[in-house]
Structure formats: C-alpha cells, structure tokens
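Letter by letter, the chains look like this.
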Amino acid sequence: MCEISLTQLNSELPIKHFPGKSGKICCFKKFRSFLVVFLLLGFAFCGMCDELPMVSVPLGFEISGFDRSKTWVSQNGVFAFGFLESSSKDSVSDGFVVGVRYNLGDKVANLPIWTVGGGLRVSENSTIRLNFDGRLILFENPSKLIVWSSNTSSLGVQKATLLNSGNLVLMGTEDNVLWESFNSPTNTLLPGQNFHFPQVLRASSTKATSSFYNFVIRRSGELDLVWESNVTYWRTHLSSNGGVIKEARFDSSGVLGLFDDSNKTIWSISSKDLGDPSVVLRHLRVDSDGNLRIYSWDNVVPAWKVGWQAVQNQCDVFGFCGLYSVCGYNSTGPICDCLYDTPVYWENDLPAVDTVSSGCRKMVDLGNCKMNTSMMVLKQTVLYGLYPPLDVNLMLNEEACKEYCSNDSTCIAVTSKNDGSGLCTVKRTSFISGYRNPSTSAKSFLKVCLVPQAVSARGANPHNNAKPIPILSEGVSEHGGDSKTFMGAIALIIFGTISGFLSIEVFVFWFIYWRRKIKAQTRIPFGKDAQMNPHYSILIRLSYEEIRDLTANFRNQLGPSVYKGLLPNKMPVIAKVLNVVATEKDYRMAVSTLGRMHHRNLVSIKGFCFEPGHTILLYEYVPNGSLDNWLFNVEQAQNEGNRQQRLDIALGIARALAYLHLECQACVAHGNLKLENVMLDEKLVPKVTDFGFQSLLGNEVASSSESLPERDIYMFGEMLLQIVTCKRDIVGINFCNLLNKMNEELNLESSKESERVERAVRIALWCMQNRPFLRPSIGEVVKVLEGTLSVDRPPSNFPLRDDQVNENLSWDFKVDS
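Everything quoted here is computed from the prediction, not taken from an experiment.

S.K.: Teacher, can you tell me more about the overall build of the chain here?
M.R.: On a plain count of helices and strands, the chain comes out with 15 helices and 43 strands. Split into buried and exposed, the 817 residues of the chain put 46% on the buried side. Long-range contacts, defined as pairs at least 24 residues apart, comprise 57% of the intrachain contacts of the chain with a sequence gap of at least 6.

Take a look at the structure:
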C-alpha cells in the first residue's frame, strides 16, 4: 500500500485522505482522538466524498521556495500545490517550477499536472502569493520582481481553492469562479477538463530548451500531434459528414472525445481499462518523447500504467531519436542508434565535429573530404530530413536512386522504397534522422567520406611515478646560565608588550575595514555570493545614489546616456540612463521580462533603478565596443579576409532576434536594431543590446502597414547589407557589381564563401521588401544564413532605385538547400 503524506496549511485544518491508503494527519492535539475516529467514519461512509467543504486559502497566503516542503493540499488529499522538483534523473534544467501535482506519496508517482507560466523556472529565492489585490503572483526576492501573474486584480477575488478535480480556481464573494487553471493547460488534461481551439498541450522537456512536440486542436476540431509546428505525425481522421466540432473532453472513465454544439460525439477513443471500477485516477498527457497517452493509477503496484497511446510504433514519432540517429526496436522497446560511428583514427584526416544532444557525432561536411565520397548502405531503413523537413521524391529503381545521389553534389542521402512503387526520396540536408524495421521494404544510402583503413591504435598515457620529497624539521634547544635566563625574560617582556600594541592596532584597523565593508554591502545589495562568484546573476534593484557610487558619479561615459561602472564583485557593468514615461508597475514588469531572457547573443541585464526622475538599466559590460566602430575601422575595412567573420557576426545577430521573436513566452520586438546596438566581446561574438524595452512598455505601436516584428526584419536587412558591404550608406550601391568584385577576389577554394555572401545579400533584399508580407520570418533568415535553406532572388520592387534592382537581381539560383 502506498502512503500519502499530506502537508497542512497554517491553520492546521484536518484534511481527509484519499480512500484505500493510510496517511499522516496533523491535527489539534486536544482533539486528536476525536478527529481520527471522525475521519475513519468518513472513509467508511462516503469514500471519495466531494460534498465536504473545500479547503481554501485567503488573500495574503504565500509559499516560499526556501520552504518547499510546505504545500497546499486539496480537500480529498489527491492534489497538492507548491514548488515542484523534477523527478526525472536526466533533467538538466536549473531552478524549480510552481504548480499542481499529484499527492500520492511516491515522488516518482507525484507527476505535475499544471505549472505556472507553462513550466516557468525560478530560483528557490522566490515566492508564490495570493496578493491582496486578487492576483495570484510569482515573484523573485529580494527585488520583488513579478515573473508571472494571473491578471485578476480587478475581478474581486476573495480566496483561492484547489478543487478535488485538480483545478486551481480563484473565487469571488459568492464562490463564483473568476479564474481557473483548467483554462490554461500545460501538458496534461484531467477528467472533466475541456480542450478547445486555440489551446495547446506542450510536452515538457528534460533539457533547458523548449520541447518540439505539441498536441493541438485545429479550428476545424481535428486533433493533431505536431513537431515544431510544421510536421503532423498523428491526427484524428474525421468523417466528412460530421457536425461542427465545439471542443474535446476527457472524462473519468478514460474516454477522449470530440463533441459538437448539440453535445453529440463526433469521434472518440478510450483506455483499455474502460469501465474498471478499481481505477479512480486517470489523466491524458503528451510526453517528452512526443507521444500522447492516457494513464491510469494502479493502486496495487502502485504506479501509473498506460491505457492508450496515440502512436503505437514509437519510431513513427517524427524526430524521436534526434539528429544523426536511427530509431529501432529490441526486446526492451525502442532504441536509438547513430547513423555511423566515427573511429578515433579519423581525427587526423577529417575536421573536428561536434556532438549533439542525441549523443551522435555531427556528420562531416562532404566538401571537406580529402578523398572521394562513398555510399553507406542501410538496409530496412528510412531516412528523412529534419531541418528543413522537406524531401524530394523521384521515380527511380534502387540502383538508379543510388547512382543519382552519388552524382549529385547536393545530395546527402536517399531512400529507395522496395515496395514496387519505385519511389526514391532525396535528402539535401545534413540534418537527418530516420527509423529501421525488419518489415520495412526500403533501403537507404548515406554519403560519407572515404577514409583509409586503420594501421595502428593509439597508445596509453604513461604513468607518472614521481614521488614526493618529504620535508624534515629539526628541533633546537639551548641551555644557558642565569644571566642568559634574565636577559631572555627581559626580551620576552619587551616582545610581549610590542606584540600587544601591534595586536590592538591590527584589531582596530580590521574593525574599521569590517564596518566599511558591511556599510558597502548594506548600500549595494550584493552579499558574499556576489563577491566570490563573478557570474552572480540575480536581478537587483538599486537606488540612484548607489548607481552614482557604482559609476563614480557617472565619470566614465561611453556614449549618449551610457556610462561604465564597477560592481563590488569587480564585475564591470554598463549603466544606461533611460528617458521613458511609465508607471513603476509597468517598468518592473518590463524589467522582469527582460531579466529572464538569456541567450549567447544578447547582452544580459544585471539590475535596474526606478525613482522619480531616474530610470536606469544595468547591462553586462562587453569589452570590444559596438559593431559600427569595429566595422568601419580603417584597418578592418581594408582587411578583406574578415568576410567570414562578418557573416558569423550577422548570423549571431539573427539568432538573437529569433530568440526574441520565437523562443520567448511572447514575441518581443527589438524596436531599435542598428549597428550601434550590437556589441562585440573578446572573441568577436555579437551581443545585441537595447532590446524590447519600449515595446514591452507599449511606447512603440505597430503601424497599419507593418507590425513591430516585421519592422525588425526590415532593420536587420539594412544592417546585413551594411555588414556585407562595410558601408554605412547602402543607398545607390550596385549589388551585382559588388558581388562580382568579391567573387573575383576570392580564389576557387573560396566558392563556398562566395555563395555565402550571395545568400546573405539575397535574404537581406528580401528583408527590405516594401510589402511586409513578402518579408521572411526571422527563423527562415537564420536557416538561410546557416546554409540549410535556399533563397530565391527577390522581386523587382525593392525600395532602392528600380533601375539598379531590375538589372542587378538577375542572379542564377545556386544556393544548396
């Protein structure tokens, strides 16, 4: 039998147990015997009785991350709310999530079923509180920055209740529900929970990045499992004569169904334990492996068991094994193998390659092979491209399919279907995955570098047999007469007196230093951790006087309203004085949002100041200055060998913009993208600064002709042309002549560099189209600059001079997909 340990509220109200399990109850000591008898009678009389008063918490109730053992438990004891720790052994994400989980005793069984902000992670120095204004808020200490809010301040919330169904609700004076967690599901549906457009279940990820898998309901009512929003690998097949679907429902019997306006079932599936009276807990969840499953609680084992899953063959889940991997089966279930293993002795012959999250080595660039390429044969194997997930189908037999790929320099792999269809699928991307099965009538051919046979193995490292040399000490004793004893006593007295005075002086100096250190720590909110760890990253709030101290009264000015300062941990920072008009609430919400953004190509925010007449942001200091200073430096401009470096910088800027547009909780427009707002570190890695603040405050409004993200794309196109040409003014440049001149300067071995420059100019001109709907998304821009997506020549209506565009944009299509 599995025991439930229920953590109680501050009021120590007795909490009823889940039936069939023993439990621990904390009660009033005076009435312990009476309450135990009462609860036992309650079990025998009503089992899971929902009619008992619900356990609620008043305004002002809070749970701190430092006291994670404190949880708020539902009246039936099945669900708990609080700070949740991951039960997955392979989880590498830092911090904690806040939400609702099962309360079944076993840590592995206590799965989270709803999390604040869709899995938003915070440090233990955070608090979740039902605020007195009616909002449920999650904020960081000691800055009090709100990282999530239920936005219910004007609805008249009086209390919060964790219902026996697992639904977290905020209620008014008449117990009317004003907000509920069931309306914003994360990765799980509970019995009684409805699912309607445009809601999405997103699979939780064990990595720090977001998951690729989503369970969605379309506007038409169709249910789909989707990979990265562009590949559907499972869907409900609805009849054409069905009604208009209103919503999907999951009930306690284990049935998932689609219903129309008249409550008629259009489509349904059920768990294999349908109707089993011993099963009292079920849920529907999209798992991190991309499969959708119905789980039932087995009270005997005890454990969660799968009653139904959408994709029966796990290898049919798109991209299940990740890059450079093939999915197969053994006696234990699905396994992932690498496309090929790279022997150690290849390292001297081929360029170094990176490993990916799947553990398989990245495929070698075929263009760098010192010898010819060969075709690796993979029987009963189907391969497909992940980035982009687009393959080309041809009608060829197996031998002709292999020969076609061998002669095509852009072909990476092919799959020949041996089922009589004569279908040959060509993959022109190195980002490949696949699956194998003995019953699969297919054979794949993978192009690899041809390498010589190994001639020797590497030797072991010699052992270090050096032994330490012991250090010996000698004791010296002296014997003397009475005169020597007297002189020794006098010397000892003098030495003791001098030592006493020196000790007092040292103590006084130490005390003064200690007082000054404490005073400095009191004025500037950095403690011991900040002084010892240069990577201390908690967002801090400072006063204007503290900013003046950090910047030495704004003495070192780097630019307009930009000053260099030094934190107590010796970390240099940049103080940017802002000219904004905003309330403190809006300002802190914007700073909180920006403070949670962490990307290699974004300048991180360290702190802020908000006082009447003073609004300041603290950024990390990037030593090499801005991109415009580096780009238009005379020596740099004359150095034609830095083209690759400039294109790498442009790619880093595009990745930062993609993070703002696509990977944040909500799309954040930069709003002021220009060369001056891109900094370079010691390794010339670009870091974008001055991003998103105005748009988060609502000071920037999209025009009727273009949205804020579309304006960012246009600005990036201008910046990309400036980076490629090393010219600040790009109006009037003949890009065709410029490319021809660059191509003449590059030798034959640099043809890839020439293609990369041409690809960058093409996508820049697309970004600068007059009509915003013709501009690409930032995700497409990144893939083009990476070389994984092709790009056509832009149309003739480019905003520069028409006579230039018409005669300059007649390039041939050369870029590999």
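S.K.: What is the right way to look at a nonpolar patch on the surface in this model?
M.R.: On the surface, Phe 486, Met 487, Ile 490, Ile 493, Ile 494, Ile 498 and Leu 502 cluster together into a nonpolar patch covering about 710 Å² of accessible area. Mapping Phe 486 onto the fold places it in helix H3 (residues 482-523). Note on Phe 486: relative accessible area 55%, which makes it exposed.

S.K.: Can you help me understand the state of the cysteines in this one?
M.R.: Two cysteines joined by a covalent bond between their sulfur atoms form a disulfide. All told, the structure shown has four disulfides when counted by the stated rule. Put simply, Cys 315 and Cys 327 are joined by a disulfide, and their sulfur atoms are 2.0 Å apart. Disulfide Cys 315-Cys 327: the torsion about the S-S bond is -75 degrees, which places it as left-handed. Of this pair, Cys 315 sits in the loop between strand E26 (303-309) and strand E27 (325-330) while Cys 327 sits in strand E27; the two residues are twelve residues apart in sequence, bridging distant segments of the chain.

S.K.: What exactly am I supposed to notice about the sheet that holds strand E31 (residues 392-395) here?
M.R.: The strands making up a sheet associate through backbone hydrogen bonding, with each pair oriented either parallel or antiparallel. Pairing in this open sheet of five strands is antiparallel, and the strands run E29-E35-E32-E33-E31 from one edge to the other. Of all strands in the sheet, those with a lone pairing partner are strand E29 (373-379) and E31, marking the two edges. Averaged over all adjacent pairs, the angle separating strand axes in this sheet is 25 degrees, with direction ignored. Bridge analysis of E29 against strand E35 (residues 442-449) gives seven bridges, and the strand direction is antiparallel. The partner of Val 377 across the bridge, within E35, is Phe 445. Most of the contacts of helix H2 (residues 398-407) go to strand E32 (residues 413-417), to which it runs at about 170 degrees, and overall it touches E29, E31, E32, strand E33 (423-427) and E35.

S.K.: Explain the packing of helix H9 (residues 643-663) against helix H14 (residues 778-786) here, please?
M.R.: Between two packed helices, both the angle of their axes relative to each other and the distance between the axes serve to describe the pair. Their axes nearest at 9 Å, the elements H9 and H14 cross at an angle of 155 degrees. Between H9 and H14, the angle is such that the two are roughly antiparallel. As for how H9 packs across H14, the hand of that crossing is left-handed. Listed contacts from H14 to Ala 650, Leu 651, Ala 654, Arg 655, Leu 657, Ala 658, His 661 and Leu 662 of H9 are Ile 778, Gly 779, Val 781, Val 782, Leu 785 and Glu 786. Its residues assigned to classes, the contact of H9 with H14 comprises ten nonpolar, two polar and two charged.

S.K.: How should I be thinking about unusual backbone geometry in this particular structure?
M.R.: Across the chain, the bulk of peptide bonds are trans and the bulk of non-glycine residues have phi less than zero. Cis geometry is found at the peptide bond from Phe 197 to Pro 198, where omega equals 5 degrees. Among the secondary structure elements, Pro 198 is positioned in the loop between strand E16 (193-195) and strand E17 (200-202). Put simply, Val 301 and Pro 302 share a cis peptide bond, and its omega is -15 degrees. As for its position among the elements, Pro 302 is in the loop between strand E25 (292-298) and E26. The phi torsion at Asp 175 lies on the positive side, around 60 degrees, for a residue other than glycine. Secondary-structure assignment places Asp 175 in the loop between strand E13 (168-171) and strand E14 (177-180). In the Ramachandran plot, Asn 263 falls in the positive-phi region, its phi being about 65 degrees despite a non-glycine side chain. Here Asn 263 lies in the loop between strand E22 (255-260) and strand E23 (265-270).

S.K.: Would you explain the sheet that holds strand E24 (residues 282-286) in this entry?
M.R.: Taken in spatial order, the four strands make up an open sheet running E15-E24-E25-E26, and their pairing is antiparallel. What marks the edges here is a single partner per strand, and that holds for strand E15 (188-189) and E26. Pairing of E24 with E25, which is carried by five bridges, proceeds in the antiparallel orientation. Considered in E25, the bridge of Leu 284 is made with Ile 294.

S.K.: Would you mind going over the nonpolar core with me for this structure?
M.R.: Buried together is how nonpolar side chains tend to be arranged in soluble globular proteins. Ranked by size, the top nonpolar core spans 72 residues in total, and within it Phe 693 and Phe 716 carry the most contacts. Here this core gets eleven residues from one element, more than from any other, and that element is H9. With sequence-adjacent residues up to four places away left out, Phe 716 is seen in contact with Ala 650, Ile 653, Ala 654, Leu 657, Leu 673, Cys 767, Val 781 and Leu 785. Listed in part, the 51 residues of the second largest apolar core include Phe 195, Leu 223, Val 311 and Tyr 384.

S.K.: Please explain the environment of Asp 681 as it appears in this structure.
M.R.: Here Asp 681 lies in the loop between strand E42 (678-680) and strand E43 (686-688). Exposure remark for Asp 681: the relative accessible area of 12% places this residue in the buried category. Along the chain, Asp 681 and Tyr 621 lie 60 residues apart, while their C-alpha atoms are 8.9 Å from each other. Among all residues touching Asp 681, those that are not within four sequence positions of it are Val 622, Pro 623, Asn 624 and Lys 687. For Asp 681, the side chain forms a polar contact with the main-chain nitrogen of Val 685, separated by 2.7 Å.

S.K.: Explain the packing of aromatic side chains here, please?
M.R.: For any pair of aromatic rings, geometry is given as the distance between the ring centres together with the angle between the planes. Enumeration over the complete set of coordinates arrives at 20 aromatic pairs. For the ring pair Tyr 587 and Phe 693, a centre distance of 5.4 Å and an interplane angle of 75 degrees mean the geometry is edge-to-face. Here Tyr 587 is found in helix H6 (residues 584-595), whereas its partner Phe 693 is found in helix H10 (residues 693-696), with 106 residues between them in sequence. In this structure, Tyr 587 and Phe 693 share a single accessibility class: buried. Ring pairs connect the aromatic residues Phe 79, Tyr 102, Trp 297 and Trp 304, which therefore count as one cluster.

S.K.: What am I meant to see in the layout of surface pockets here?
M.R.: Over the atoms, a rolling probe the size of a water molecule traces out where space has been left empty. Taken as a whole, the second largest pocket spans an internal volume of roughly 550 Å³. Lining the second largest pocket are 23 residues, with Val 562, Glu 676, Asn 677, Met 679 and Thr 689 positioned closest to its centre. For the lining of the second largest pocket, the secondary-structure elements that each account for two or more residues are strand E37 (557-559), strand E39 (572-578), strand E41 (614-620) and helix H7 (627-631). Looking at the lining of the second largest pocket, its residues break down into ten nonpolar, seven polar and six charged.

Rules used in this analysis
Residues numbered from 1 in each chain as written. Predicted model: local features only at pLDDT ≥ 70, side-chain atom pairs only at ≥ 80, totals over all residues. Heavy atoms only, no water. Helix = DSSP H or I, 4+ residues; strand = E, 2+ residues; numbered from the N terminus. Buried < 20%, exposed > 50% of the residue type's maximum accessible area, 1.4 Å probe, protein only. Contact = heavy atoms within 4.5 Å. Patch = residues over 30% accessible without salt bridge, like charges linked within 9 Å, V, L, I, M, F, W, Y side chains within 5 Å. Areas by Shrake-Rupley, 256 points an atom, 1.4 Å probe, with all protein chains shown as cover. Salt bridge = Lys/Arg side-chain N within 4 Å of Asp/Glu carboxyl O. Disulfide = S-S within 2.5 Å. Pairing = 2+ DSSP bridges. Axes fitted to C-alpha atoms, helices over the stretch in contact; angles between N-to-C directions. Parallel < 35°, antiparallel > 145°, perpendicular 65-115°, else oblique. Left-handed = near helix turned anticlockwise from the far one by under 90°. Nonpolar A, V, L, I, M, F, W, Y, C, P; charged D, E, K, R; others polar. Core = buried A, V, L, I, M, F, W, Y, C linked by side-chain atoms within 4.5 Å. Polar contact = N/O pair within 3.5 Å; in protein donor to acceptor, adjacent residues only side chain to side chain. Phe/Tyr/Trp six-rings, centres within 6.5 Å; stacked < 30°, edge-to-face > 60°. 1 Å grid on protein atoms, 1.4 Å probe; cavity = no way out; pocket = protein on both sides within 12 Å on 5 of 7 lines; lining within 4 Å. Points joined across faces, edges and corners; volume = space filled by probe spheres on them.

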